[in-house]
Amino acid sequence: MRKITEIIIHCTATPRDRHVTVEQIRECHVKQNGWNDIGYHHVIYLDGSVHEGRPEEITGAHCLGHNGKSIGIAYVGGTEADGSPADTRTPHQKRSLKTLVEKLLDKYQGATVHGHNEFAAKACPSFNVAAEFGSQVVKMIAVIILALSSTACGSMRKTVENKMAMTETVNRQETDKTMMISRLIEEADVAVTIDSAVIGYAEPGNSPVTLLKGSRMTVNISRKRAGESVMAAEVREMELMQAEINEETAVDREITTWNTCNYMLLMIVIAAVVAGWTGWRLCRQKW
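Residues numbered from 1 in each chain as written. Predicted model: local features only at pLDDT ≥ 70, side-chain atom pairs only at ≥ 80, totals over all residues. Heavy atoms only, no water.

Q: I'm lost on the packing of aromatic side chains in this one. Help?
A: A ring pair, where both rings are aromatic, is described by two values, the distance of the centres and the angle of the planes. As enumerated under the stated definition, the model contains one aromatic pair in all. Ring plane angle 55 degrees and centroid distance 6.2 Å describe the contact between Tyr75 and Phe127, whose orientation is recorded as tilted. One end of the pair, Tyr75, is in strand β5 (residues 70-75); the other, Phe127, is in the loop between β7 (112-115) and α3 (129-133), and 52 residues separate them in sequence. Classification of Tyr75 as buried rests on a relative accessible area of 1%. (Phe/Tyr/Trp six-rings, centres within 6.5 Å; stacked < 30°, edge-to-face > 60°. Helix = DSSP H or I, 4+ residues; strand = E, 2+ residues; numbered from the N terminus. Buried < 20%, exposed > 50% of the residue type's maximum accessible area, 1.4 Å probe, protein only.)

Q: Quick question: what am I supposed to make of helix α2 (residues 91-107) here?
A: Residues spaced three or four apart along an α-helix face the same direction, because each turn holds 3.6 residues. Between its first and last C-alpha atoms α2 spans 24 Å; for 17 residues at 1.5 Å apiece the expected length is 24 Å, and the two agree. Along α2, the positions that sit buried rather than exposed are Gln93, Ser96, Leu97, Leu100, Val101, Leu104 and Leu105. End-on, the buried residues of α2 take up no more than an arc of 165 degrees, which puts them together on one face. Turned more than 90 degrees away from the buried face of α2 sit Pro91, Thr99, Lys103 and Asp106, all of them exposed. (Expected span 1.5 Å × (residues − 1). Arc of directions from axis to C-beta.)

Q: Even after reading the chapter, I still don't get helix α1 (residues 22-31), so can you show me in this structure?
A: Taken together, the buried positions of α1 are occupied by Val22, Ile25 and His29. In an axial view of α1, the angular spread of the buried residues amounts to 65 degrees, which keeps them on one side of the axis. Residues of α1 that are exposed and point more than 90 degrees away from the buried face comprise Glu23 and Lys31. Of the surrounding secondary structure, the elements contacted by the buried residues of α1 are β3 (42-44) and β4 (50-52). (Contact = heavy atoms within 4.5 Å.)

Q: What is the right way to read the environment of Leu64 from this model?
A: Note that Leu64 resides in the loop between β4 and β5. Judged by its relative accessible area of 81%, Leu64 is exposed. With 52 residues separating them in the primary sequence, Leu64 and His116 have C-alpha atoms 9.7 Å apart.

Q: Looking at this structure, I do not really get the pattern of salt bridges. What am I missing?
A: By the definition in use, this model includes eight salt bridges. Between Arg16 and Glu80 there is a salt bridge, with the nearest N and O atoms lying 2.7 Å from each other. Residue Arg16 is found in the loop between β2 (14-15) and α1, and its partner Glu80 is found in the loop between β6 (78-79) and α2; the two are separated by 64 residues along the sequence. The exposure class of Arg16 is partly exposed, given its relative accessible area of 37%. Since its relative accessible area comes to 28%, Glu80 is described here as partly exposed. Here Lys98 ties to Glu102 by a salt bridge, and the two come within 2.7 Å at their closest N and O atoms. Here Glu102 and Lys98 lie together in helix α2, a separation of four residues that amounts to about one turn. By relative accessible area, which is 40% here, Lys98 ends up partly exposed. For Glu102, a relative accessible area of 31% gives the class partly exposed. (Salt bridge = Lys/Arg side-chain N within 4 Å of Asp/Glu carboxyl O.)

Encoded structure:
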């Protein structure tokens, strides 16, 4: 399998509106040039139909020094009746050429588009390929920027969602802790109330000493449990606060790392845009 890095556009150098077929071109290349087949891989007729010439996997014969790594496309036309160079492409040919080039760029990732005149002292293909197809580089960079933006937005959204989920969890835990402490305090108050009632209404026949012992034991146990539970809740609160601090630190570190990476990616994209635009301008200056 050949590694294709260039797509080179040609014209057949035939007068405007003259119909030429793949078979005619093949016969010319074989008989006059002594080649074993037509030199181009694709030929675009006046009506916009695309016809296969030499198979793409076979090295072409269309641009000296570049045949081994390129695909050759020729559109029928390219000159006026007097033989002077002219962009004679019909609207159908222009659409078909654009579609074919896009298809080949998708098939051969990283390939670039050129006119034959960029590599030889010829007018072929009689139009400014760099000006017409140089936008493909800009489109590719635009796709990269959109992809990076989408990834960046997704990362930021995920970070915000994690932060909101963490906040919601902490709020829920705070509410549960408050409710637990309130319940324990109520239980202690009930025990104290029972103790007061026993003291106030104890009569000699009701064994007040026994009642007082039982009620005070209940109060002491309830207060002890409440105190222990409150202390445990306070310890838990401290643990939650520390966990929240750790989580916030981790989120802040993630955001900082994310910002740094995207800043570097943005610088790379800007450099690529500048380089692509500069190359395109230099190609146009040839004309």
